[in-house]
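Fold and contact review
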Amino acid sequence: MIESRPSVPPPVATAAYRLRCVGCGAAPRAAGGDFRCAECRELFEVVYPWSPGGEDAIAHGETWRALWQARRHSNLPLDQSGVWRFRELLPVLERPAEAITLREGQTPVYTLPRSAAYAGLQQLWAKHQGMNPTASFKDTGMTVALSRAREMGMAWVACASTGNTSASMAAYAARAGMRSLVLIPEGKIAWGKLAQAIDYGAVTCQLQTDFDGCVRILNQVISRAPVYLVNSVNPFRVEGQKTAAVELMEQCDWQAPDHIVVPGGNLANGAALGKGLLELRALGLLDRLPRVSVIQAVGANPLVRSRRENGGRSLQPLQAETLASAIRIGNPASWRKAVQVLDATGGTCEDVTEAEIAAAKAVIGADGIGCEPASAATLAGVAKLRAQGWIQAGERVVLILTGHALKDPEYTLDFHRGKLPPATVPELDYARRPPLSLDADPAAVLHVIESWQARP
Ligand code: F0G
């Protein structure tokens, strides 16, 4: 059997870890079901002996890097996962061979020449996390969270979601033989995502509230029922998500780019990638940190406001509104972690309009790369930061495209047909490519080709 043939040496070390509160530093032996500190209600992060400031700063960076490389030739399911391939950086499982994996991670890095020109850059790259098994970056975290949930003997996992989290959780729960409960805002998530969650067997409840309301209800549910919470407040999920930064650095031949730019909703992903980068530096595998920056939609920009109004010391929740449904979040759980990453890496946060997001998505599409609207906020943000002079034309920038174009095809069609709110912005007309209705006549089609020949 291919699956049982060991082809690389076992790990050189196991990851001893503990939890630490990012607010008050408390280090409990275990977290409660809501993953919040009993002292200050902040979130936990996982720390290791080799974490930044830890007692074992020397660690095994070079050895581990060689091991990760060697595993690329292995047929073990664990080694074929772009998350577990880096398992020295993860909380160790009691039975690693039983990790719940769909071979997540291993996502491509593409060049985006048209998008680079659009943003005023010489070059631009995108790491496409939408190429994960359920079509979003969430899979990199779910493989870890669900593996732990099953080891703990939990029967149920649950999440509140704007779409991607629910589909991802449902898939991994199905693989683990566990039940999953999804709370989503009624009528506010893309149908494709709802379909995925249902297909993978989730019990799906549409609540007459928004994402933030779903989170509130779920917190009450988990305090009364034995379900394991897999929203990104779960620090083990964040550990999986940080491996995208490790994989990206490997893909960059360990030459850190100048900037990594992510869309921000609940703010865990930017925090996770930053954590990964800081750990790589502590392990001696990076001598320079990329700046990690977060882009929000103008109508869902609590982090941007917090940084503008009080330097990121406190965050005022708001009523979120944006067509980029994935990041329609007004009360982001991981805001403090995100602020710490912006500060530690010298990154920034910025907000972009609906029109800017829609245009950026069409430009990325013209590079042959599809993504969902929230992901396109990154290009819109980079164009804005470039125009402000915060990013220089020759700098190396990597966008994290978090989700797949097929999540929200209606948005794409509405934009190209001129039916989105940015329809009123004439500058965007050049980017529109609506499907044409023609007579069944070759002359009509030839005429279309001619009219397009004249365009740049
Ligand atoms: N991009 C996509 C495609 C997402 O699905 C999300 C979050 C984000 C960006 C924002 O990441 O929350 O870590 O800042 N989606 C969640 C969900 C909330 O339920 O699928 P974040």
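Just above, that's the structure.
Reading the values: the criteria
- Residues numbered from 1 in each chain as written.
- Predicted model: local features only at pLDDT ≥ 70, side-chain atom pairs only at ≥ 80, totals over all residues.
- Heavy atoms only, no water.
- Pairing = 2+ DSSP bridges.
- Helix = DSSP H or I, 4+ residues; strand = E, 2+ residues; numbered from the N terminus.
- Axes fitted to C-alpha atoms, helices over the stretch in contact; angles between N-to-C directions.
- Expected span 1.5 Å × (residues − 1).
- Polar contact = N/O pair within 3.5 Å; in protein donor to acceptor, adjacent residues only side chain to side chain.
- Buried < 20%, exposed > 50% of the residue type's maximum accessible area, 1.4 Å probe, protein only.
- Disulfide = S-S within 2.5 Å.
- Core = buried A, V, L, I, M, F, W, Y, C linked by side-chain atoms within 4.5 Å.
- Salt bridge = Lys/Arg side-chain N within 4 Å of Asp/Glu carboxyl O.
- Contact = heavy atoms within 4.5 Å.

**Examining the sheet that holds strand β7 (residues 203-207)**
The four strands lie next to each other as β7-β6-β5-β8, forming an open sheet whose pairing is parallel. Among the strands making up the open sheet, the edge pair consists of β7 and β8 (227-229). This sheet shows a mean twist of 25° between the axes of neighbouring strands, independent of strand direction. With five bridges connecting them, strand β6 (residues 179-185) and β7 associate as parallel partners. Of the residues in β7, the one forming a bridge with Ile184 is Gln206.

**Some details on helix α15 (residues 442-453)**
If you check α15, its first and last C-alpha atoms are 17 Å apart, about what twelve residues at 1.5 Å a residue would give, namely 16 Å. Sitting at the amino-terminal end of α15 is Asp441, which places a side-chain oxygen 2.9 Å from the backbone nitrogen of Ala443.

**Some thoughts on the side chain of Ser74**
Tracing the chain through its elements places Ser74 in the loop between α1 (61-70) and α2 (77-80). Taking relative accessible area as the criterion, Ser74 reaches 2% and is therefore assigned buried. Within the structure, the side chain of Ser74 is placed 2.6 Å from the side chain of Asp79, a separation counted as a polar contact.

**What about the state of the cysteines?**
Put plainly, two cysteines are in a disulfide when a covalent bond ties their sulfur atoms together. Across all of its chains, the model carries zero disulfides by this definition. The thiol of Cys24 is unpaired, and the distance to the nearest cysteine sulfur, on Cys37, comes to 3.7 Å. Judged by its relative accessible area of 42%, Cys24 is partly exposed. Just so you know, Cys40 is unpaired, no disulfide at all, and the nearest cysteine sulfur is the one on Cys21, 3.4 Å from it. On the basis of relative accessible area, Cys40 is assigned to the partly exposed category, the value being 32%.

**Thoughts on the nonpolar core**
Leu146, Val157, Val230 and Met249 are the most contacted members of the largest nonpolar core, which totals 91 residues. Core analysis: the second largest hydrophobic core is formed by 37 residues, Val352, Ala383, Phe415 and Ala431 among them.

**Here we look at the pattern of salt bridges**
Tallying each qualifying case throughout the model produces 24 salt bridges. Between Glu247 and Lys127 there is a salt bridge, with its nearest N and O atoms 2.5 Å apart. Of the two residues, Glu247 is situated in helix α8 (residues 235-251) and Lys127 in strand β4 (residues 125-128); the sequence distance between them amounts to 120 residues. The same class applies to Glu247 as to Lys127, namely buried. Residue Asp343 pairs with Arg307 through a salt bridge whose shortest N-O separation is 2.9 Å. Taken together, the residues span a long stretch of sequence, with Asp343 in helix α11 (residues 335-345) and Arg307 in helix α10 (residues 302-310) at a distance of 36 residues. Several salt bridges share partner residues, and in doing so they unite Arg71, Asp79, Arg87 and Glu88 into one network.

**Things to note about the sheet that holds strand β9 (residues 259-263)**
The strand order across the open sheet formed by six strands is β3-β4-β12-β9-β10-β11, and the pairing between neighbours is mixed. With one partner strand each, in any of the chains shown, β3 (109-111) and β11 (349-352) form the two edges of the open sheet. Taking each pair of neighbouring strands and ignoring which way they run, the sheet shows an average axis angle of 25°. Inspection of the sheet shows β9 paired to strand β12 (residues 397-401) by three bridges, in the parallel sense. What sits directly across from Val261, in β12, is Leu399. In the packing of helix α12 (residues 354-366) onto the sheet, contacts are made with β10 (291-297), β11 and β12, and the angle to β11 comes to roughly 90°.

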